[in-house]
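A structural walkthrough
This is what each chain is made of:
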Amino acid sequence: MPMGTGPVVNAASRRQQFRLARHVSTRRARGGRGRDEPTQMEGDLMPETRQNGGSATRWGPLFGERARDWAETWEGPSGYGTPLYEHVLDRARIGSGTGVLDCGCGAGRFARMAADRGARVAGIDAAEGLIAIAAERTPSGDFRVGDIEALPWPDDSFDVVTGFNAFQFADDKARALAEARRVSHGPVAVVIPTKVSESGIALVFKPLFPLFPPEALESMKQSGMFALSEPGKLDQTLGAAGLTALDDNEIEMSIVFDDSDAAERAFVGAGPTAPAIRNSGEQAVAQAVRDALRPFIGKDGRVSLPAWYRVVLARA
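Residues numbered from 1 in each chain as written. Predicted model: local features only at pLDDT ≥ 70, side-chain atom pairs only at ≥ 80, totals over all residues. Heavy atoms only, no water.

1. A look at the packing of aromatic side chains
Evaluation of the coordinates by the stated rule reveals 15 aromatic pairs. Ring geometry for Tyr85 and Phe164: centres 4.7 Å apart, planes at 85°, overall edge-to-face. Of the two residues, Tyr85 is situated in helix H3 (residues 82-91) and Phe164 in strand S6 (residues 160-164); the sequence distance between them amounts to 79 residues. An aromatic cluster is built from Trp59, Phe63, Trp70, Trp74, Tyr80, Phe169, Phe205, Phe257, Phe267 and Tyr309, whose rings are joined through pairwise contacts. (Phe/Tyr/Trp six-rings, centres within 6.5 Å; stacked < 30°, edge-to-face > 60°. Helix = DSSP H or I, 4+ residues; strand = E, 2+ residues; numbered from the N terminus.)

Encoded structure:
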């Protein structure tokens, strides 16, 4: 996630190519709390600093390579995260005046939804191209290219800090979560995928493994989509970061693409796929994606991928 000087707004906008089926169930809950009187976000923010190395420098270029494809598929108006975003917005009581920072904000879909509820939003991501789109979607937001292991905001700047499929990409996940804790005087919301062996996303990616360079696959075990999905791993990392889970749920849902072309665009355009494309070529990767998607294509031509996510609200 490379450091940078800030977003460059691109005014282009395109049609969203997939939509999400409503989530089916919520598995676990252990109470929850939110702030009734959120305080103001700090007005004088720390200047951004540039750092060398780390997961930011690897993942930023990969996710930024096809930022529009990502934004218009995974983060479109009916993108995969909608029920997850709504769950966190409700459980964290995000509303008018709430100061929210989204770590690994991507193209800013969650920030836009929070802003629509009256929140004052900020976001940080390694990919400059995605930050540009986030700034385009919510011009009033404070979006920065940066590393979630070194957040460029003072202590207690926000009422809520979130990370949707974000913290597992950090090299030092406990440090990234500790940084989220530092800048939040309220909850830190962490969302990760679960039930990996049954996950449609994992089942589509698995046949691509032979197309990756071996070192990339090994790296993604430590810094990647499922790096916190092993049972007990997130709880251990939260503890190391000084955080305790107060609200813990599993959300089951289906990610639905209108057709196989839209699904293929989403997977080929995803940051984690880029090393395979560089190693084996886009044609080979696209064919492998098409083959892997076939079991998930319904009679109506839509692609439906089962998914489960753990959503934790934690506090110091």
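From this point, the narrative continues.
2. A closer look at the nonpolar core
Trp74, Ile255, Phe257 and Phe267 are the most contacted members of the largest nonpolar core, which has 71 residues in total. If we ignore the near neighbours within four places in the chain, the residues touching Phe267 are Trp74, Ile201, Val204, Phe205, Phe257, Thr273, Val289, Leu293 and Leu305. Grouped together as the second largest cluster of nonpolar side chains are 26 residues, Phe158, Ala180, Val188 and Ile192 included. (Core = buried A, V, L, I, M, F, W, Y, C linked by side-chain atoms within 4.5 Å. Buried < 20%, exposed > 50% of the residue type's maximum accessible area, 1.4 Å probe, protein only. Contact = heavy atoms within 4.5 Å.)

3. A look at the environment of Asp259
Relative to the helices and strands, Asp259 resides in the loop between strand S8 (244-257) and helix H10 (260-268). Since its relative accessible area comes to 35%, Asp259 is described here as partly exposed. Between the alpha carbons of Asp259 and Arg302 there is a distance of 4.6 Å; along the sequence they are 43 residues apart. Other than its neighbours up to four places away in sequence, Asp259 contacts Gly301 and Val303. At 2.8 Å, the side chain of Asp259 forms a polar contact with the backbone nitrogen of Ala262. (Polar contact = N/O pair within 3.5 Å; in protein donor to acceptor, adjacent residues only side chain to side chain.)

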